Every structure is written in structure tokens, then in C-alpha cells.
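Each chain is listed here by its residues.
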Amino acid sequence: MKADVAVIGGGIHGCSAALNLARRGLKVVVLEKDHVGRHASGANAGGVRTLLRHEAEVPLALASRAIWHDIESELGDDCRYHTVGQLAVAETDAGLDELRARDARMHDLGYSHEELINADELKALVPGIAATVRGGLMAREDGAASPYHTTLAFRRAALATGVDIHEGCRVETLAPAAKGWRVAATGIEVEAGFIVNTAGAWGGHIAGLIGDPVPLSYFLPMMMVTARVEPFLKPVIIGTERPLSFKQMLNGTLVIGGGRPAIGDRDTMTYRPDFAGLKASAETVRDLFPMLGDVPVVRSWAGIEGIFADEIPVIGPSRASSNAVHAFGFCGHGFQLAPIVGRLVAELVMQGKASLPIAAFAVDRFDTTE
Amino acid sequence: MNMKASFDDSVELAIIGAGPAGLAAAITAGELGVKATVFDEGSGPGGQIYRAIEDTGNRPERLALLGEDYAKGGDQVQRFRASGCRYLPGHGVFDIAPDGGLGVNGPDGARWIAARRVIIAPGAMERPVPLPGWTLPGVMGAGAAQTLLKSSGLVPSTPVVLAGSGPLVVLIARQLLAAGARIAAVLDTTPRANFMNAAPLLPSAYVAGNDLRKGLRWLREVKRSGTAWHKGVSRIRIEGDEAVEAISFSAGGRSQRIACRLVLLHEGVIPNVQLSMAAGIEHDFDDTQWCWRPRADAFGRTGVEPILVAGDGAGIGGADLAADAGHLAALAVAADLGRLAAGDLETRSRPILARMRAGRRVRRFLDCLYRPHQEVLAPPDDETMVCRCEEVTAGELRRVAAMGCPGPNQAKAFTRCGMGPCQGRMCGLTAAAVLASAGGRSMAEVGHLRIRPPVKPITVGELAGLAGVGEPPAGAPPMPTGPKDEEDA
Amino acid sequence: MFQRLCEPREPVSFDFEGEMVTAEAGDTVAAALLAHGVGHNRRAVVSGDRRAPHCLIGACFECLVEIDGRPNRQACLTTVRAGMRVRRQDGPAKVKNGGGE
């Protein structure tokens, strides 16, 4: 099989890249070893967040935000996206100081999307929050969506644009060929001019095959969901002193996440919850929202995320090859970036450069001499 | 919050469930000096089959109705009480880890406990019977009506329609009649072909035990009472606006309709597998019993070393087989813990295994005779509710199957089927069957709903107060020391 | 729909939706409500349809009620206690609004 681009990894980033490449007229094949959205894409908490991002990610997140605000035009699906805002809550004075420092820094850099709010306004915005909160930092134009619906919307749009998606196809070898690459995967061989590496937690392995070794690690962020509760919460709540990502879905359920890891293994794709971590998240929720004490938790789950020690992804061209582009290792916060990163990948493939600053995400930024 | 220290954080043998298998395991453990702690979600020992037996012992009016099979549970429970085990009613287990750790929720709060060995004996539940109208008030399981009789001495006061197939249908019909209830009709859904298929197994089953002879006697009694008994029933629909008003069905080529307000459904029982799945035990689809079962050897040993399974929770066999399985599992644990020499294990288990082989001959006959009709497993009408909690119909599942949804886990994300409070207990098998049938695949291929702990709901407050777990690292999400990919370069 | 074989030997009274219900000690809340003639204990979360206990052993979660202010309680797994306040669960769990303690 011949294609212009072989996209390795069919999660949200893979589908976004494929869609954007196909929209620019390229013939694209996606190779996904399980099924679309099986891992990080389908298992995250669905936060669409610019708030508190690493400085290097901010320009990308702001550009992505504009796409999210009209995601229906982009994908033909509303992805259950709602602009409800995201709000980091400080439980202590020290936490509030941190938020203040962040706010100042963002203003210094010329950004105004994050806004300090005082305790009174916070309590008005979030009924039921503990009376002891000190204040918060809010990004009013942020929101939340359904990770699974969004990923599948990208998939559907990609298919409609002529992309071939092969599931159950694990890439075995990559070999340079006359016009780019020969990719051998389960039951299929693809000759492609270009490779895009969106293999998530397995992106390090693919990067290695391409010739760009990276110290990608992984973890399994855990989430839990409650029974349906009458609607009371609009913004997504982010913890400052303690990790928390807490939201109420449109159907009333509460999704509680926040970076506590499950116990598991990436390569057997098995995991189980760590109740010490779930307990810590529950404590945080109970302390911030005392009235939720009697709400039952009905399920926990985890995703498998690729992570780097500096907590930002690899986005950019390969160093070893002029025919490969990377976009992986989103450290648990890649969901919101998917719309823009797909465009940037398409730019990199077609023009060799991106319209937003991505130097910080370079694949060769790591000191691999260990 | 101060947790009253009602027990240590670590136990030698944890037994989950106090039905026949759990009771037998505790008794045997006691005999061999293994310290057992029994966690029971119920309020008193006996599981479902001997439910409320300690109380009913003082209630002759109920005991007379429930029969001798129920009454003999009283002896088991007495021996259980004398066994020296620690018994914890009102304690539900919401998770089991492969190292034998248990998450337990009880009146004093939630706690994580370490156990050297765990015997999971959670028993069975009635197979869900999805039909049009089955979610209406006034529709229950036949076993549910029996539970009401056992634990509260309640009897239907309105004529009952009993619909379904299986040994329990006959038993319950007899009990209802003896209790003075009126049965408007029994709708026997046993497929006609089953009689042919089961016939070859009948002789060895008949010889093997008393059960079959008893069952036939009851059947004759019920029929002699003049109760309308319709055979080969299909296409059942339950009608009503806010509650049951009537039931319609097809039998002998004719459509019929019976006005009623209480419908009892029963199509056999299936193992409760939530805990065995949470523990990471492999499960196989049993095509004869049409359910998922944990993979285990004759002693109940699974591939997960500290954990054994016993009783109907490991595969349907009835009370006697369950008790034997409980004995064997406890013997195996005793041997593992050095309380029983290998030779003694062999000697003691041999007669039990022999008895179980005979019991299984009866079971194979019953499984074959009462194999549910395909329309019970994968309801043909699109309007039939499959996921009661989230209100997902068979039609919606077929729609997502047509979109390429391969199994219940993906269907869950699309439709919310399996995401409600029952965590897939009522819809998991049906969803898999609908998807399998729509995609022309087997149940084993389609797979089962992935169980995600907690397998029983635990509140935010209870989880926040969970005792017995260490502290996770404070502050920002820990930078994990997971394996790195450099080496793959 | 259901009646008792005999009158409660050890009566226990509790409140259901403002009405007094007399149960027998040891009854589950679900059994007591059925004996009292309560037709439905909750409304389904999507359609609002009436629902009543179905399996009576804790598997189906149809018997959800609010007990003493705590929602999502399985009535079939809860033993009656004198003075309990039981309410129907109409749709999603209610949470007390307003600031925390």
C-alpha cells in the first residue's frame, strides 16, 4: 500500500494530524495497534484547558481554544464541548500567592486569558465550595468536552476526508525506502513519503525506530466518576495545593481526576486502581465540597500517558530523518491541544515549518548521555 | 475521623460471602485451625438460599412454606457460628487486588485489608430477563419474590404471572401456592428443542440424585393444582403505563394476553463475577451455562495465587456443590498455609470430589434442559431496555454495532450502557449478546464489560475516610519512575 | 401487591414521604415499602419513568431511595430502623446547595 503519510498511533492526535493532512490533499494512512481512542484519548478527564499551562504551551493552547469554540465547524460534531471555564482554587494563602505569581507572569508575557478572582467571587461562581477557600485563578474561555466523542469525531472527519484507518495494526519495523519509508505493521505494509509519530505512550519506541531516542516514560493517571448528581457546578475545578481536576458532566455525573497514578503496565495494558490515590482525591473533593460526602463513586479507570521529565511533549520534525514528524508524550494534558497540533503537524509535513513557536518541544532537547 | 478498630488490617483467610460455599469454607477452616474472617454484605449468614434462616427458625409459618432444602441450611449456619471464624455482616467488598488486598466497606467505614488467602464465594444472581416492559413496577425476579418470603414473610396478594424457565420456577410456583398466593398462569419459556437435547443426559442425572425426582414431584403437584401452565412460550411483552397491567405472549401458535399486576421472571441464575474479574482472574465464557466464569481448578485455585473461588460464583451448581466447593477451597488454603499435609489433602478431598462429579451430572442435565431461549439472551425487539440504569435499548446497541462497535466496552463509551450504578450487572451479558449477534461473532470474541473497581458503590466521604492505605506522595503529581524508552533506540 | 403471612411481631415504624410505615424488625426497607403498597421508589434518570425493586439482592440498583438525607441507598440491603426518614429518589441525587461548613 502506498501513501503520502503514514500516521503511527490512532489516538486523538493521530486522527487530528491525519485529518489536517488529508484536508491539504495528502493521501494518509493511520496505523493504530488497538483501536482509535483506546488509551489516553478515551480515558482522560476531558478538560479543555489553557489555564496553568507551561509557558511554551500557552500560544498553542490559545490557538487551539479558538478551534474548540467552534468545534462543530471543524469536525461536524459538537463533541459535547461547553465553555464553562476552568478555575484553579487556592485552599491556603501560600497557594493563593502561587496563583498571584502565575497571574503576574502571564501578564508580563502579554497574556490575559487567566484572571485572579477573590474568595467572594469564587464562592458566587461555585456554590457549595468550602467557605475556607482563599481565591482562585480562572480562565473563563476554557471548557470541557467528552474525550471519547471528540476522538471519534476526529476519526469520523478523517475517514470522510479519505483517510484510511487500520486498527489492530502494530508497527513492527520502519525502514528507509526510496521515497521515504517502508512501514511493516500487522498484516500490512505501507510505503509512505512521510511518517508522523503520534504513538502516545509508545511514541518513544517509534521515535527510537526513526532514529530519535528520547527518555519517554509513562504513567497511568486515574479518574473516578460518581452517580448522577443534580447540576450544581459549571467551571472545571483545578487544585492548586493538591492535585485535582474536578468537573460535572452534562449528564450530572462528577468526574474526579488529578494525576494520581493507577498501578499498571503499559505493555500488557493492564492496570488496577490504587485506592490510596483515590482516597487522596476523594479527600480533596470532600474538603472543597463538603456537601458531596454522600455521593457514591461508581467506577474508576485510568489512561496510559506518555510523559517527559520537563512535563511538555515532543512536537516537531525528526532530527534523524527529513521525512518524519513527532507529536507525542503529552504528559496527561494533550486533549485540548489536539485541534492545533494536527494543523502544526500538517504544516511541518508540507512546509517544513510551523506557524507557532515549537522550539521548546524539540525532539533532541534531552540530554540522552546517561 | 477515627476508625473504630474492629479488626486488624491483616487477616489469614478472608472469605467473601456467607452462602453455602462461604459457610462450608469457614467451617472447614475452623476445623483445621485456619483463622477465617467472613465478609458478608447481607445482615445474617445464609447467603440467598438460606437467607434469614436464623430468624426463620423462629417462624414456623415461613419455615413450613420454604421446605426442607431451606431448613437444612439451619444446621450449616449453626456449625458456622460455632466454627470460630470472625463473621462481619453488613460488610461489602468493593475491590480485590491480585496480592489478596481487599477493600471493605462496613458500618464503621471503609478499610483496606491485607489477606494471605481469599476465598471469593459471592454466589449468583438471577439472569436478567430483558423483555419489552420489564422495567415497569410490578416486574421482579421470581427469586426476588422468594427473598421477600424468606426474609419478611411476604406473599403476593394479587394474582401472579410466573414467566420463565428453570428449576426455580417449579419450586417457587409450589411455594407460592402453599403460601396461599394465586398464580394466574405459569408461562414456561423452555424451548421445545431442549427436551430433545437434554433427554440423553436424563438417565445418569436421575440416578445421580434425589433432586430430579423431587423436582418432578413438585411439577406434578403444581399441575394438579389446576394452575394454568403454558408451554413453549415466546414473544413475551409486559404492558402498562406506570406499572404492570397485563402480559401478552405467544404459545402453541396463539397470542394471548393476561391482565395482572405482578409478573415474576426467571431464566436461571448466573455467577456474580464482579469481584473475580476485579481480582484479575481470567474468565471464560461457558457456552452451556451461558455466562462468564472464573478459570479455576477443582479446588478453586485461580491463576492469581492468593485467591480462590468457590460456589455458584464460580459456576452454577446449586447449594450442595457449592458447599463441597467451599470445603475444597478451605482444604487447599489449609494445605497452602501448612496446616494440612499433602497426603491428608488428597485423602480428604477424594470423597468430596467424587460426590461433586455425581452432582455435576444432574447439573449438566438441568443446564441443557433449561438453556435459555436466544430471545432471552439477545432480545429481538429494538425497544427492549437493555441497560436499565442509563436507559439504553437493544436498538441503540444494534445501531452502534452497525457503526462498527466491536464489543460492550466500546458500546459503553457511545451509549453509556454499563455506566450506571449497577456497573453492568444487569446489562453486561445482554449487551455482549446483542453485539455478538449483530456482528456475527461469538461471546468469547466480543468479550465482557471490563470491571472497574469499586465493584460496590462507595461514597466520596467513605473513600475519603478509607483506613489501611498508605499516603500517596503529597503535592504535585509524582514524577513516575516508569520504564524509559531510550533503550529501544 | 404483597401481604404479610402474619402481623409484625416486633413492629418498627418509619417515615416514607411523610407517611408512617409499620414494618417488622429485620425487614429490609424495600420489603417494608412493598408490604406497605408503595408502587415505586424512584424515577429513572433519563425518562423519569417510575421504577420499583426488581432483584431484591443488591444487584439491580432499582431500589434506590434517600434515607435520612443520604441519597442512592439500596433499600433492599438496608434494614429498617425506627424513625428512619425515607424519600423517593427522583432522578439524580440532590446535594445540599450553598457554602460548606
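Criteria and thresholds
- Residues numbered from 1 in each chain as written.
- Chains lettered and ligands numbered in written order.
- Predicted model: local features only at pLDDT ≥ 70, side-chain atom pairs only at ≥ 80, totals over all residues.
- Heavy atoms only, no water.
- Domains from an automatic or database assignment.
- Contact = heavy atoms within 4.5 Å.
- Buried area = accessible area lost by both parts, 1.4 Å probe.
- Salt bridge = Lys/Arg side-chain N within 4 Å of Asp/Glu carboxyl O.
- Polar contact = N/O pair within 3.5 Å; in protein donor to acceptor, adjacent residues only side chain to side chain.
- Helix = DSSP H or I, 4+ residues; strand = E, 2+ residues; numbered from the N terminus.
- Buried < 20%, exposed > 50% of the residue type's maximum accessible area, 1.4 Å probe, protein only.
- Pairing = 2+ DSSP bridges.
- Patch = residues over 30% accessible without salt bridge, like charges linked within 9 Å, V, L, I, M, F, W, Y side chains within 5 Å.
- Areas by Shrake-Rupley, 256 points an atom, 1.4 Å probe, with all protein chains shown as cover.
- Expected span 1.5 Å × (residues − 1).
- Arc of directions from axis to C-beta.
- Phe/Tyr/Trp six-rings, centres within 6.5 Å; stacked < 30°, edge-to-face > 60°.
- Lys NZ or Arg CZ within 6 Å of the ring centre and 35° of its normal.

Quick look at the domain arrangement of chain A
All names here are of chain A.
Item 1. Along its sequence, chain A is organised into domain 1 (2-46 + 148-217 + 309-361) and domain 2 (86-140 + 222-302).
Item 2. Once you take the C-alpha centre of each, domain 1 and domain 2 turn out to be 30 Å apart.
Item 3. Taken together, the 10 residues of domain 1 in the interface contact 9 residues of domain 2.
Item 4. Interface of domain 1 and domain 2: buried area, both sides summed, is about 730 Å²; carbon and sulfur atoms make up 56% of it.
Item 5. Of all residues in domain 1, A43, A45 and W202 bury the most surface against domain 2, accounting for 60% of the area lost on that side.
Item 6. If you look at where domain 1 meets domain 2, you find 0 salt bridges.
Item 7. For the pair domain 1 and domain 2, the interface holds 3 residue pairs in polar contact (both at pLDDT 80 or more).

Things to note about the interface of chain B and chain A
Item 1. Facing the 45 residues of chain B at the interface are 56 residues of chain A.
Item 2. Carbon and sulfur atoms supply 59% of the area buried between chain B and chain A, which totals about 4,200 Å² over both sides.
Item 3. Summed over the shared surface of chain B and chain A, the number is 2 salt bridges.
Item 4. D95 of chain B is paired through a salt bridge with R272 of chain A; the nearest N and O atoms lie 3.0 Å apart.

Describing unusual backbone geometry
Item 1. Cis geometry is found at the peptide bond from P453 of chain B to P454 of chain B, where omega equals 5°.
Item 2. Looking at the element boundaries, P454 of chain B is found in the loop between helix 18 (443-446) and strand 23 (458-459).
Item 3. The backbone of E311 of chain A shows a phi angle near 65°, a positive value even though the residue is not glycine.
Item 4. For E311 of chain A, the location among the structural elements is in the loop between strand 20 (305-307) and strand 21 (314-317).
Item 5. On the basis of relative accessible area, E311 of chain A is assigned to the partly exposed category, the value being 45%.
Item 6. The phi dihedral of E391 of chain B falls on the positive side, at around 60°, and the residue is not glycine.
Item 7. With respect to the secondary-structure elements, E391 of chain B resides in the loop between strand 21 (385-387) and strand 22 (392-393).

A few points about the environment of A40 of chain A
Item 1. Checked against the element boundaries, A40 of chain A lands in helix 2 (residues 40-43).
Item 2. Between the alpha carbons of A40 of chain A and G11 of chain A there is a distance of 7.5 Å; along the sequence they are 29 residues apart.

Concerning the environment of I195 of chain A
Residue and element names in this part refer to chain A.
Item 1. Checked against the element boundaries, I195 lands in strand 11 (residues 188-197).
Item 2. In this structure the C-alpha to C-alpha distance between I195 and S281, which are 86 residues apart in sequence, comes to 40 Å.
Item 3. If sequence neighbours within four positions are ignored, I195 has contacts with A6, I8, L174, W181, V183, I210, N323, A324 and V325.

What about the side chain of R272 of chain A?
Item 1. Among the structural elements, R272 of chain A can be located in strand 18 (residues 270-272).
Item 2. Here D95 of chain B takes part through its side chain, which lies 3.0 Å from a polar atom of the side chain of R272 of chain A.
Item 3. Excluding anything up to four places from it in sequence, R272 of chain A contacts A262 and I263 of chain A together with D95, I96, A97, P98, A278 and P453 of chain B.

A few points about the pairing of strand 14 (residues 236-239) of chain A
All names here are of chain A.
Item 1. What you see with strand 14 is no split at all: V236 and I238 on one side and I237 and G239 on the other are buried throughout.
Item 2. Strand direction decides the pairing type here: strand 14 and strand 15 (residues 245-248), joined by 2 bridges, are antiparallel. Bridging across to strand 15, I238 finds its partner in S245.
Item 3. Where strand 14 folds back onto strand 15 in an antiparallel hairpin, the turn is made up of 5 residues.

Some details on a nonpolar patch on the surface
Residue and element names in this part refer to chain B.
Item 1. A cluster of nonpolar side chains, L202, Y206 and L216, forms an exposed patch at the surface whose accessible area comes to about 230 Å².
Item 2. Topologically, L202 is positioned in helix 9 (residues 202-208).
Item 3. Classification of L202 as partly exposed rests on a relative accessible area of 33%.

Looking at helix 5 (residues 93-108) of chain A
Residues and elements named next belong to chain A.
Item 1. Taking 1.5 Å per residue as the helical rise, helix 5 with its 16 residues ought to reach 22 Å, and the 22 Å between its terminal C-alpha atoms agrees with that figure.
Item 2. Here helix 5 has its buried residues at G95, L96, L99, R102, D103 and M106. One side of helix 5 holds all its buried residues, which, seen down the axis, span an arc of 115°. Turned more than 90 degrees away from the buried face of helix 5, the exposed residues are A94 and D108.
Item 3. Buried positions along helix 5 lie against helix 3 (58-68), strand 4 (86-90), strand 5 (115-118) and strand 6 (135-139).
Item 4. Backbone geometry just after helix 5 places G110 at a positive phi near 90°.

Remarks on the packing of aromatic side chains
We describe a pair of aromatic rings using the distance from one ring centre to the other and the angle between the two ring planes.
Item 1. Counting across every chain of the model gives 12 aromatic pairs over all chains.
Item 2. Measuring from centroid to centroid gives 4.7 Å for F308 of chain A and F366 of chain A, while their planes differ by 25°, and the two rings are stacked. Residue F308 of chain A is located in the loop between strand 20 and strand 21, and its partner F366 of chain A is located in the segment after helix 10 (338-351); the two are separated by 58 residues in the primary sequence. Considered together, F308 of chain A and F366 of chain A belong to a single accessibility category, that of buried residues.
Item 3. Aromatic pair F285 of chain B and W290 of chain B: ring centres 5.0 Å apart, planes at 90°, arrangement edge-to-face.
Item 4. Every member of this aromatic cluster is reached through a ring pair, and the members are W68, Y81 and F335 of chain A.
Item 5. The ring of W202 of chain A carries K33 of chain A above its face, with NZ or CZ at 3.7 Å from the centroid.
Item 6. Cation over ring: R301 of chain B sits above F299 of chain B, and NZ or CZ is 5.6 Å from the ring centre.

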